[in-house]
Amino acid sequence: MRKVEDIINAAMVRAGSLVSAQGPIATDPLFQRLISRERFLFARAAGLNPAFYWSTAIVPVNAAGIADYGTGFPRAIGVFYVSIADPGSSPYPPGRQVTLIDPRESGAVHLAPRAFHQQVERKLVGYKTDLSGVGSVEISSALAPPTPVGYNSEVTIPEPYEELLVVDLAKFILTKYYTDAARSGGELALKYLDEDEARLLTAFDAAVRVNEFFPSSAGGSYLRPLNPNG
């Protein structure tokens, strides 16, 4: 996986001489733009395939039947499966699926145990008394990438899709920094960057739909096909 500094330097190369006359470019706005864009790409991936980059967490259920996963599972961005972890005094066996209900609909048509998913508040609220007595639930969720802490940090998005960050930053640089005199050249460069981005996004979307992504603590990452035996 490439470092933040490498992504920024590559973006400056892609932006080219059109911005060189502007003098030094502040890198802090580029750093923040990179963080925002990488989070956007993982949110896009979660919308296409929640199991692309995901994890699980055991979250306690309080006496009111509420599981607040915002603190213990801070990078969760798309809960897609919940099951009973510790049944406590409830009648459910471990592993029983909890049916997630949109707060705008009635839970009466669904089988217990049921819970409203309050995504903005990052809570699961048991339907009526469905989660009463439950000790904890296991939540599976798509994840946001870790936030880089500095220019020497590695980005999370897998190769070769890191280039999406390069292209976006190059577009950001050209839009923010090119001069009026270079505007026609800048618009042409943006056209080519838009075409590159569209091609890369098509490839990224296709890979996301059929793979799971696993970063490695030892460095690097890999994609694994979903349902390899199916």
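Overview of the structure.

Cut-offs used in this document
Residues numbered from 1 in each chain as written. Predicted model: local features only at pLDDT ≥ 70, side-chain atom pairs only at ≥ 80, totals over all residues. Heavy atoms only, no water. Core = buried A, V, L, I, M, F, W, Y, C linked by side-chain atoms within 4.5 Å. Buried < 20%, exposed > 50% of the residue type's maximum accessible area, 1.4 Å probe, protein only. Helix = DSSP H or I, 4+ residues; strand = E, 2+ residues; numbered from the N terminus. Contact = heavy atoms within 4.5 Å. Expected span 1.5 Å × (residues − 1). Pairing = 2+ DSSP bridges. Axes fitted to C-alpha atoms, helices over the stretch in contact; angles between N-to-C directions. Patch = residues over 30% accessible without salt bridge, like charges linked within 9 Å, V, L, I, M, F, W, Y side chains within 5 Å. Areas by Shrake-Rupley, 256 points an atom, 1.4 Å probe, with all protein chains shown as cover. Salt bridge = Lys/Arg side-chain N within 4 Å of Asp/Glu carboxyl O.

**With respect to the nonpolar core**
One finds Val-137, Ile-139, Ile-157 and Phe-204 to be the most contacted residues of the largest nonpolar core, which totals 55 residues. The element best represented in this core is helix α3 (residues 163-177), accounting for nine residues. Not counting residues up to four positions away in its chain, the partners in contact with Ile-157 are Glu-38, Leu-41, Phe-42, Glu-162, Leu-165, Phe-204 and Phe-213.

**A few points about helix α2 (residues 28-48)**
Given a rise of 1.5 Å per residue, 21 residues ought to cover 30 Å, and the 31 Å separating the end C-alpha atoms of α2 matches this to within 8%. When we look at burial in α2, the residues that qualify are Leu-30, Phe-31, Leu-34, Ile-35, Arg-37, Glu-38, Leu-41, Phe-42, Ala-45 and Ala-46.

**Brief notes about the side chain of Thr-156**
Summarising the element assignment, Thr-156 is placed in the loop between β7 (136-143) and α3. Other than its neighbours up to four places away in sequence, Thr-156 contacts Met-1, Glu-38, Phe-42, Tyr-53, Pro-145, Pro-146, Phe-213 and Pro-215.

**What about the sheet that holds strand β6 (residues 123-126)?**
If you walk across this open sheet you meet the four strands as β2-β6-β5-β4, and the pairing is mixed. This sheet does not close on itself; its edge strands, each paired only once, are β2 (66-68) and β4 (99-101). Here the strands of the sheet are splayed against their neighbours by 30° on average, with no regard to which way each runs. Across four bridges, the pairing between strand β5 (residues 114-118) and β6 is antiparallel.

**A short note on a nonpolar patch on the surface**
A cluster of nonpolar residues, Trp-54, Phe-80 and Tyr-81, forms a patch on the protein surface that exposes about 260 Å² of accessible area. Within the fold, Phe-80 resides in strand β3 (residues 76-86).

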